[in-house]
Protein chains: 2
Amino acid sequence: MSPSDDSPDRPEPSESAESLRAWEALAVSAVGHVIEFWNFKRNHGRIWALLYLRDRAMSAAELQETLELSKGAVSMLIRELEQWRVIERVRDPRDSVWRYGARTDLMKMITRVLSRRENDLVARVQTELREAERLARASGEASPLALERIRRMRQLAELVGGAITTLIRTATLDVRGLIGMLAGGVARRGGDSHDDDTIGSEGGGGDEDLD
Amino acid sequence: MSPSDDSPDRPEPSESAESLRAWEALAVSAVGHVIEFWNFKRNHGRIWALLYLRDRAMSAAELQETLELSKGAVSMLIRELEQWRVIERVRDPRDSVWRYGARTDLMKMITRVLSRRENDLVARVQTELREAERLARASGEASPLALERIRRMRQLAELVGGAITTLIRTATLDVRGLIGMLAGGVARRGGDSHDDDTIGSEGGGGDEDLD
DNA sequence: CTTGCAGTTCAAAACGTCTTGAACCATCAA
DNA sequence: TTGATGGTTCAAGACGTTTTGAACTGCAAG
């Protein structure tokens, strides 16, 4: 270690991690915005984007330094991303630290995470509305129209709350072309499945607790 | 007015507004949750839901009392909802206050509001990413793969940020049946346009500043 | 056993957003 | 003009969420 070793925790600025270049910062921040839009943390997006851009696995300490996050934040963000299977943990046999790499099967990631969230919402709202309907009937106070409208709100909830699910069900084919492109080489028709870029059929894997 | 007229602002509890029944509270709150999920304010949803349920126009003061909101909040929430054309202002000739009614052309509302927001996001992110790409080229620091990946992030942004737009484009037909039901009487084929329940074609109207 | 390092936890602080309420403005009628 | 009423504004405060950082755990090497 070089000069004054005062501050605790903060990794030495001269660590292995390359610092964030201007263009990287921009791209990383842009993805942060997209992710934030979907009610995840901006830094979830930033981490994934950096790993994706650099195309190599990085350690928690590197991420911390490069993205200027605290140790605690990195720990938690990484755990979540990993749970959602948006990044994956790898260990180089000769080195003893875990590193994390960006997964590229984006569509799977996104649908997995978002539709889980949507399902929670829709289920909850359906319950509330069913109860509302029950009470309304029981009390006899509700007009027939009001009852009808409660029922319609259920449909609204399903439609709006289930947007992603709907999208997936109906639009998968339309975006199939786009998707493949996120992973492998130049967009090309035909087979050629070099990387892990799949979309359909919700791979059989276990169903951890997201969110 | 009647007894002690001490508290400022707060409408008399004995105002014209009927208080919120338990079943109404439930339904209203459920819609609040759905709306909140989409990053609008819970109370946007509550107001719309109440107007929709009661099927009549209510004044700001009634809304304030029924939903237990402050004067200021109601003013602002109403203005936004009106801008988004989710509720509409009406004035009974004999009475001098404005009242607000829920619009029922759900699909139009949703697409109008959400796709506007999405467009903003996508535009912004595209700009950031294009700039990132430009810088990356200019600096010569970026690997070809990195450049390629920035370009792919653009596609990702369009896909993920434009979810609603995509959904509308691809799924409109699928939900068309559902939608009609939200507005008028029992779902019925054929003409009979009693209420304003349309879906397609983004009515020609002006383009105010949403959001 | 001790030391050093990677990683986790969690209470407190920072932060952003939403709501409040008092002051203010506009309109109308007397 | 005055008073009453409905509506708007905005600084301050409440609230919920994210981040921080210091203490802690676990592991491996010496």
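See above for the structure.
Residues numbered from 1 in each chain as written. Chains lettered and ligands numbered in written order. Predicted model: local features only at pLDDT ≥ 70, side-chain atom pairs only at ≥ 80, totals over all residues.

1. Some words on the overall build of chain A
A tally of regular secondary structure across chain A gives 7 helices and 3 strands. Taken from N to C terminus, the helices and strands of chain A fall in the order α-α-β-α-α-β-β-α-α-α. Taken across its 211 residues, chain A has 36% of its residues classed as buried. Once local pairs closer than 6 in sequence are excluded, the contacts in chain A between residues at least 24 apart make up 55%. (Helix = DSSP H or I, 4+ residues; strand = E, 2+ residues; numbered from the N terminus. Buried ≥ 20, exposed ≤ 12 C-beta atoms within 10 Å, placed from the backbone. Contact = placed C-beta atoms within 7 Å.)

2. A short note on the sheet that holds strand S1 (residues 58-59) of chain B
Residues and elements named next belong to chain B. Strand order in the open sheet made by the 3 strands is S1-S3-S2, with antiparallel pairing throughout. Single-partner strands in this sheet number two, and they are S1 and strand S2 (87-91). Packing against the sheet, helix H2 (residues 42-54) makes contact with S1, S2 and strand S3 (98-102), and its axis sits at approximately 85° to S3. (Pairing = 2+ DSSP bridges. Axes fitted to C-alpha atoms, helices over the stretch in contact; angles between N-to-C directions.)

3. Some thoughts on the packing of helix H5 (residues 106-139) of chain A against helix H1 (residues 22-37) of chain B
Close contact between H5 of chain A and H1 of chain B brings their axes to 8 Å; oriented N to C, the two are set at 165°. Comparing their axes, H1 of chain B and H5 of chain A come out roughly antiparallel. Note on packing geometry: the crossing formed by H5 of chain A with H1 of chain B is left-handed. Residues Leu121, Arg124, Val125, Glu128, Leu129, Glu131, Ala132, Leu135, Ala136 and Ser139 of chain A of H5 of chain A form the contact with H1 of chain B, whose participating residues are Ala22, Trp23, Leu26, Ala27, Ser29, Ala30, His33, Val34 and Phe37 of chain B. (Parallel < 35°, antiparallel > 145°, perpendicular 65-115°, else oblique. Left-handed = near helix turned anticlockwise from the far one by under 90°.)

4. Structural notes on the protein's contact with DNA strand D
Residues in contact with DNA strand D amount to 20 residues; listed here are only the nearest, Ser70 and Gly72 of chain A together with Ala60, Gly72 and Ser75 of chain B. Listed by contribution, the elements that provide at least two residues to the surface near DNA strand D are helix H2 (42-54) and helix H4 (71-83) of chain A together with helix H3 (60-67) and helix H4 (71-83) of chain B. Looking at the surface near DNA strand D element by element, the count peaks at 5 residues for H4 of chain B. (Near = placed C-beta within 6 Å.)

5. Topic: the relation of the copies chain B and chain A
Relative to chain A, chain B is turned by 180° and slid 0.0 Å along the rotation axis, the superposed coordinates differing by an RMSD of 0.3 Å. What the superposition gives is, in effect, a two-fold axis relating one chain to the other. In terms of C-alpha distance to the rotation axis, chain B has Leu167 of chain B as its closest residue, with the C-alpha 2.5 Å off the axis. Comparing interface residues between copies, 98% of those in chain B also sit at the interface in chain A, which points to an isologous, same-surface contact. (Least-squares fit on C-alpha atoms with pLDDT ≥ 70 in both.)

6. Focus on unusual backbone geometry
With a phi angle near 60°, Arg85 of chain A is a residue other than glycine that sits in the positive phi range. Look at Arg85 of chain A and you get partly exposed, because 17 C-beta atoms sit within 10 Å.

7. Some words on the protein's contact with DNA strand C
Taken together, 20 residues lie near DNA strand C, and Ala60, Gly72 and Ser75 of chain A together with Ser70 and Gly72 of chain B sit nearest. For the surface near DNA strand C, the secondary structure elements donating two or more residues are helix H3 (60-67) and H4 of chain A together with H2 and H4 of chain B. The element best represented in the surface near DNA strand C is H4 of chain A, accounting for 5 residues. For the surface near DNA strand C, the class distribution of residues is 8 nonpolar, 6 polar and 6 charged. (Nonpolar A, V, L, I, M, F, W, Y, C, P; charged D, E, K, R; others polar.)

8. Thoughts on the interface of chain B and chain A
If you look at the interface, chain B gives 53 residues, while chain A gives 52 residues. Breaking the side of chain B that touches chain A down by element, the ones donating at least two residues are H1, H2, helix H5 (106-139), helix H6 (144-161) and helix H7 (163-183) of chain B. For the side of chain B that touches chain A, the residue count by class is 36 nonpolar, 8 polar and 9 charged.

9. Remarks on the environment of Val28 of chain B
Residues and elements named next belong to chain B. Its place among the elements puts Val28 in helix H1. Residue classification places Val28 among the buried positions, given that 26 C-beta atoms sit within 10 Å. Through-space distance from the C-alpha of Val28 to that of Leu53 is 8.4 Å; in sequence the pair is 25 residues apart. Not counting the four nearest positions on each side in its chain, Val28 is found in contact with Arg46, Ala49 and Leu50.

10. Some remarks on the sheet that holds strand S3 (residues 98-102) of chain A
All names here are of chain A. In space, the 3 strands of this open sheet follow the order S1-S3-S2, with antiparallel pairing throughout. Each having just a single partner strand, strand S1 (58-59) and strand S2 (87-91) make up the two edges of the open sheet. Note that S2 and S3 share 5 bridges and pair antiparallel. Bridging from a neighbouring strand, Arg91 pairs with Trp98 of S3. Against the sheet, H2 engages S1, S2 and S3, with an angle of about 85° to S3.

11. Remarks on the pairing of S3 of chain A
Residue and element names in this part refer to chain A. Note: S1 against S3, 2 bridges, orientation antiparallel. Within S3, the position partnered with Met58 by the bridge is Tyr100. Taking the residues that link successive antiparallel strands as the turn, the S2-S3 hairpin has 6 residues.

12. Observations regarding the nonpolar core
Counting 102 residues, the largest nonpolar core has Ala27 and Trp48 of chain A together with Ala27 and Trp48 of chain B as its most contacted members. The contacts of Trp48 of chain B, once residues within four sequence positions are left out, are Val31, Leu81, Val86, Ile87 and Ala102 of chain B. (Core = buried A, V, L, I, M, F, W, Y, C linked by C-beta atoms within 7 Å.)

13. Details of the environment of Val34 of chain A
Locating Val34 of chain A in the fold gives a position in helix H1 (residues 22-37). Its 25 C-beta neighbours within 10 Å are what place Val34 of chain A among the buried residues. Linking Val34 of chain A and Val97 of chain A, residues 63 residues apart in sequence, is a C-alpha distance of 30 Å. Ignoring any residue separated from it by four or fewer positions in sequence, one finds Val34 of chain A in contact with Gly45 of chain A together with Leu121, Val125, Ala157, Val160 and Gly161 of chain B.

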